[in-house]
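Below, each chain spelled out in residue letters.
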Amino acid sequence: MIISCSAVLFDLDGVLVDSTGYVERQWREWAAGRGVDPEPFLRVCHGRRAVETIQLAAPDLDAEAEVARFPEFVVEDGVRLDPLPGARQLLEGLPGGLWAVVTSGVRASASKRIREAGLPVPRVLVAAEDVAHGKPNPEGYLLAAERLDVAPAGCLVIEDAPAGLEAARAAGMRTIGFASTHARDELSGANVVIARLPVVMSRPIDEGIELLVPELGD
């Protein structure tokens, strides 16, 4: 399948960087430090900011205060995170001004993961502290489109989590669900679901972007 668009917006963890196991380990370490069951948090953490994850999984906790305590538990020093297969080639094939990363993680952590994975640095990076409301709210994706100067309808979003897909749809954008951290049926709201990242087709920049998208099962 070939999909044309004006810009591509990426989630980071589970789409470009293979950090799913590490993210879950962070939540387990935090939960152990707080003496709480990690499972409710693991069920909803992917694609969401930490504050919204805590609000959903443990509404009795002060989410803002808990997030402020994260540095006591979460340490990334010495961690090696790899890019997902095809991520580097995909980003290097896209025009620099026509793609962005929209992550639920904080900017410092996201930037570190991008660098350590050896991926190109995005001109536009929308992180947790850039928005008042995280995914599934569309604010982050709308902000990325605005910073790229591209209409939301012209944007294509690649996401691995239901919350991110919901955010992209609410922003009026087309979506690709990447089945890396969630099963295909959990990504049923996407326009198409893939098991590996697309490939950029050669095309003059003023004619937009064409992606060769391998549908799940191809």
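Residues numbered from 1 in each chain as written. Predicted model: local features only at pLDDT ≥ 70, side-chain atom pairs only at ≥ 80, totals over all residues. Heavy atoms only, no water.

1. A word on the confidence of the model for the protein chain
As a general rule, the predicted coordinates of low-pLDDT regions are not to be interpreted in detail.
Reasoning step 1: Looking at the protein chain as a whole, the pLDDT averages 87, with 90% of positions reaching at least 70.
Reasoning step 2: Ranking the helices and strands of the protein chain by mean pLDDT puts helix 7 (residues 139–148) first, with 98, and helix 1 (residues 20–34) last, with 78. (pLDDT = per-residue confidence, 0-100. Helix = DSSP H or I, 4+ residues; strand = E, 2+ residues; numbered from the N terminus.)

2. A word on the packing of aromatic side chains
Reasoning step 1: Under the defined criterion, the tally for this structure stands at two aromatic pairs.
Reasoning step 2: Pairing F10 with W99 gives two aromatic rings, centres 6.2 Å apart and planes at 80°, and the pair type is edge-to-face. Here W99 lies in strand 3 (residues 99–102) and F10 lies in strand 2 (residues 7–10), a separation of 89 residues in the sequence.
Reasoning step 3: On the numbers, 5.0 Å between centres and 80° between planes, the contact of W30 with F41 is edge-to-face. Pair noted here: W30 is in helix 1 and F41 is in helix 2 (residues 39–44), with a separation of eleven residues, a long-range link.
Reasoning step 4: On the basis of relative accessible area, W30 is assigned to the buried category, the value being 0%.
Reasoning step 5: Residue class for F41 comes out buried when judged on its relative accessible area of 3%. (Phe/Tyr/Trp six-rings, centres within 6.5 Å; stacked < 30°, edge-to-face > 60°. Buried < 20%, exposed > 50% of the residue type's maximum accessible area, 1.4 Å probe, protein only.)

3. Considerations on helix 3 (residues 50–57)
Reasoning step 1: Those residues of helix 3 lying buried are A50, V51, E52, T53 and I54.
Reasoning step 2: In the core, the buried residues of helix 3 are packed alongside helix 1, helix 2 and helix 4 (63–68). (Contact = heavy atoms within 4.5 Å.)

4. So, unusual backbone geometry
Among all residues except glycine, the phi angle is most often negative; among peptide bonds, the trans geometry is most common.
Reasoning step 1: Backbone torsion omega between K135 and P136 reads 15°, so that peptide bond is classified as cis.
Reasoning step 2: Inspection of the secondary structure puts P136 in the loop between strand 4 (124–126) and helix 7.
Reasoning step 3: In this structure, D149 is a non-glycine residue whose phi angle is positive, near 60°.
Reasoning step 4: Within the element layout of this structure, D149 appears in the loop between helix 7 and strand 5 (155–159).
Reasoning step 5: Since its relative accessible area comes to 72%, D149 is described here as exposed.

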